[in-house]
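Next come the chains, spelled out residue by residue.
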Amino acid sequence: MRVRTRVDGLRCLVEIEDSGPGISPEALPRVFEPFFRAPGTRAEGCGIGLATVRRIADAHGGTVEVRSELGRGTIARLWLPVAGVVIDEPVAGAVPAPEPQPSMGTEAQRELHL
């Protein structure tokens with residue numbers, strides 16, 4: 001596993017790369033769903049890690065994305081604004097997190113940003 005960090009303009013990147021089995025293209029769009037575990041996953045866990053990271057990123061005006069290739073591993077990138085600056089730029093080729101679920105209303109979202 002490799003962990004890299006860097007500041008890129010007004011954003012900070014935390015990148016985690018592993019050399020595990022990877023995530024299938026069919027499962028990749030669902031990795032941000034709470035309690036989702038890709039079929040055949042042998043690793044421990046209950047499927048809330050990436051969902052939690054996404055909620056934290058959203059609360060701070062950041063983004064999280066995952067790229068993966070079967071047999072080669074996975075790269076997760078967490079982008080957070082520096083000093084509270086919100087930047088809304090997609091990263092080419094990455095699978096974006098799905099839109100927030102309607103269960104969290106506007107008031108709740110505002111409270112998270114305080």
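The paragraphs below set out a description of the structure included in this document.

Criteria and thresholds
Residues numbered from 1 in each chain as written. Predicted model: local features only at pLDDT ≥ 70, side-chain atom pairs only at ≥ 80, totals over all residues. Heavy atoms only, no water. Helix = DSSP H or I, 4+ residues; strand = E, 2+ residues; numbered from the N terminus. Buried < 20%, exposed > 50% of the residue type's maximum accessible area, 1.4 Å probe, protein only. Contact = heavy atoms within 4.5 Å. Polar contact = N/O pair within 3.5 Å; in protein donor to acceptor, adjacent residues only side chain to side chain. Phe/Tyr/Trp six-rings, centres within 6.5 Å; stacked < 30°, edge-to-face > 60°. Lys NZ or Arg CZ within 6 Å of the ring centre and 35° of its normal. Pairing = 2+ DSSP bridges.

## A look at the overall build of the protein chain
Then comes step 1: Looking only at helices and strands, the protein chain features 2 helices and 5 strands.
Then comes step 2: Seen in sequence order, the protein chain has helices and strands lined up from the N terminus as β-β-α-β-β-β-α.
Then comes step 3: In the protein chain, which comprises 114 residues, the share counted as buried stands at 25%.
Then comes step 4: In the protein chain, of all internal contacts separated by at least 6 residues, the share reaching a separation of at least 24 is 56%.

## Things to note about the side chain of T74
Then comes step 1: The topology assignment puts T74 in strand β4 (residues 73-81).
Then comes step 2: On the accessibility criterion, T74 (13% relative accessible area) is buried.
Then comes step 3: Here S68 takes part through its side chain, which lies 2.8 Å from a polar atom of the side chain of T74.
Then comes step 4: Non-local contacts of T74, meaning those with residues more than four positions away in its chain, are made with I16, E17, D18, G22, I23, V66, R67 and S68.

## Re the packing of aromatic side chains
Aromatic rings considered in pairs are described by the distance between their centres and by the relative angle of their planes.
Then comes step 1: Overall, the coordinates contain 0 aromatic pairs when judged by the stated rule.
Then comes step 2: One Lys or Arg, R11, reaches over the ring of W79 and ends 4.0 Å from the middle of that ring.

## Considering the pairing of strand β3 (residues 63-69)
Then comes step 1: Here β3 pairs with β4 via 7 bridges, running antiparallel. The residue of β4 that forms the bridge with V66 is A76.
Then comes step 2: Hairpin connection between β3 and β4: a loop of 3 residues separates the two successive antiparallel strands, and G71 in this loop has a positive phi of roughly 80 degrees.

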